[in-house]
Amino acid sequence: MSSPTAPTLPVIEDVYARLLEQVRQLLARKPALCIVGIHSGGAWVAERLHADLGMASPMGALSSAFHRDDYGRRGLPAEMKSTSLPFEVAGADLLLVDDILFTGRTVRAALNELFDYGRPASVELAVLLDRGGRQLPIEAQYVGAVHPLPADMNFILERNPQGRFLLSLEGGSQGA
């Protein structure tokens, strides 16, 4: 009896390069664009995009913890990061960045947090990986890669000391 084959992992630096090129093209159309990363993985991706693109506008980061619909069940993260938006949100063109798009609930919560600071002119979504499994009608306009994953598994995104991304899998069937 053979065990099921584990899903293959995309080469995450190649995925990031594809996302970077898409955001570079967006920036050519919207030079006043401000990037906002969702803590924590989305903020990592946003920080790297911001640096690699040499953007002059400040970068923001936000926490979606208080707007999550599962706040009562999940509680607060062990290391609570605060929202920092060092620019005027009202009337701004924003690129909301997350690492992995799954159910859509984090993005929904992030949008609620963002609108607490004002009404932007536009908000577009960029994600490193779209793993499918949406529970809400949320779709990213800029995606490094679409890589479906079984519901009982998760991608884990990390950064090495040089800021490069590392991707691993967690969960799934363990043994027969």
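Structure first, text after, so check above.
Peer 1: Sorry if this is basic, but what is going on with the overall build of the protein here?
Peer 2: For the protein, the count of helices and strands is four helices and seven strands. Taken from the N to the C terminus, the helices and strands of the protein come in the order α-β-α-β-α-β-α-β-β-β-β. Considering the protein as a whole, with its 176 residues, one finds that 45% of them fall into the buried category.

Peer 1: Hey, could you run me through the pairing of strand E3 (residues 93-101) in this one?
Peer 2: Note on strand geometry: in a regular strand, side chains alternate between the two faces of the sheet. The buried fraction of E3 is high, at eight of nine residues. Inspection of the sheet shows strand E1 (residues 34-38) paired to E3 by four bridges, in the parallel sense. By the bridge assignment for E3, Cys34 is matched with Leu94. In this sheet, strand E4 (residues 122-130) lies alongside E3 in parallel orientation, the contact comprising eight bridges.

Peer 1: Quick question: what am I supposed to make of the environment of Gly133 here?
Peer 2: Relative to the helices and strands, Gly133 is located in the loop between E4 and strand E5 (142-146). A relative accessible area of 47% places Gly133 in the partly exposed class. Considering only alpha carbons, one finds Gly133 and Leu149, 16 residues apart in sequence, at a separation of 8.2 Å. Those residues in contact with Gly133 that sit more than four places away from it in its chain are Phe102 and Thr103.

Peer 1: What is the right way to read unusual backbone geometry from this model?
Peer 2: Residues other than glycine predominantly adopt negative phi, and peptide bonds predominantly adopt the trans conformation. Here the amide bond leading from His39 into Ser40 is cis, since omega sits at -5 degrees, within 30 degrees of zero. Its place among the elements puts Ser40 in the loop between E1 and helix H2 (41-52).

Peer 1: Would you explain the packing of aromatic side chains in this entry?
Peer 2: Two measures describe an aromatic ring pair: the distance that separates the ring centres and the angle between the ring planes. This structure, assessed with the given rule, holds one aromatic pair. The cationic tip of Arg48 hangs over the ring face of Tyr16; the distance from NZ or CZ to the ring centre is 4.1 Å. The side chain of Arg131 reaches across the aromatic face of Phe102, ending 3.6 Å from its centre.

Peer 1: Is there a simple way to think about helix H1 (residues 12-29) in this case?
Peer 2: An α-helical segment advances 3.6 residues per turn. Residues three or four places apart therefore align on the same side. Helix length check: H1 (18 residues) gives 26 Å between terminal C-alpha atoms against 26 Å at 1.5 Å per residue, within 8%. Those residues of H1 not exposed but buried are Ile12, Glu13, Val15, Tyr16, Leu19, Leu20, Val23, Leu26 and Leu27. Burial along H1 is one-sided: seen end-on, the buried residues are contained in an arc of 140 degrees. Exposed side chains of H1 directed beyond 90 degrees from the buried face belong to Ala28 and Arg29. Contact partners of the buried residues in H1: H2, E3, E4, E5, strand E6 (153-159) and strand E7 (165-171).

Peer 1: Please explain H2 as it appears in this structure.
Peer 2: With 12 residues, H2 extends 17 Å from end C-alpha to end C-alpha; this agrees with the ideal 16 Å at 1.5 Å per step. Those residues of H2 lying buried are Gly41, Gly42, Ala43, Val45, Ala46, Arg48, Leu49 and His50. Immediately beyond the C-terminal end of H2, within one or two residues, lies Gly54, with a positive phi of roughly 60 degrees.

Peer 1: I keep staring at the nonpolar core and nothing clicks. Help me out?
Peer 2: Grouped together as the largest cluster of nonpolar side chains are 32 residues, with contacts concentrated most on Leu49, Leu95 and Leu128. By residue number, the principal contributor to this core is H1, which donates eight residues. For Leu49, the residues in contact, after removing those within four places along its chain, are Tyr16, Leu19, Leu20, Val23, Ile35 and Val97.

Peer 1: Would you take a moment to explain the side chain of Arg131 for this structure?
Peer 2: By the secondary structure assignment, Arg131 is in the loop between E4 and E5. We note that Arg131 is buried and unpaired, the nearest opposite charge coming from Asp152 at a distance of 6.8 Å. A polar side-chain atom of Arg131 sits 3.1 Å from a polar atom in the side chain of Asn154. Ignoring any residue separated from it by four or fewer positions in sequence, one finds Arg131 in contact with Ile100, Leu101, Phe102, His147, Pro148, Leu149, Pro150, Ala151, Met153, Asn154 and Phe155.

About the criteria used
Residues numbered from 1 in each chain as written. Predicted model: local features only at pLDDT ≥ 70, side-chain atom pairs only at ≥ 80, totals over all residues. Heavy atoms only, no water. Helix = DSSP H or I, 4+ residues; strand = E, 2+ residues; numbered from the N terminus. Buried < 20%, exposed > 50% of the residue type's maximum accessible area, 1.4 Å probe, protein only. Pairing = 2+ DSSP bridges. Contact = heavy atoms within 4.5 Å. Phe/Tyr/Trp six-rings, centres within 6.5 Å; stacked < 30°, edge-to-face > 60°. Lys NZ or Arg CZ within 6 Å of the ring centre and 35° of its normal. Expected span 1.5 Å × (residues − 1). Arc of directions from axis to C-beta. Core = buried A, V, L, I, M, F, W, Y, C linked by side-chain atoms within 4.5 Å. Lys, Arg positive; Asp, Glu negative; His and termini not counted. Salt bridge = Lys/Arg side-chain N within 4 Å of Asp/Glu carboxyl O. Polar contact = N/O pair within 3.5 Å; in protein donor to acceptor, adjacent residues only side chain to side chain.

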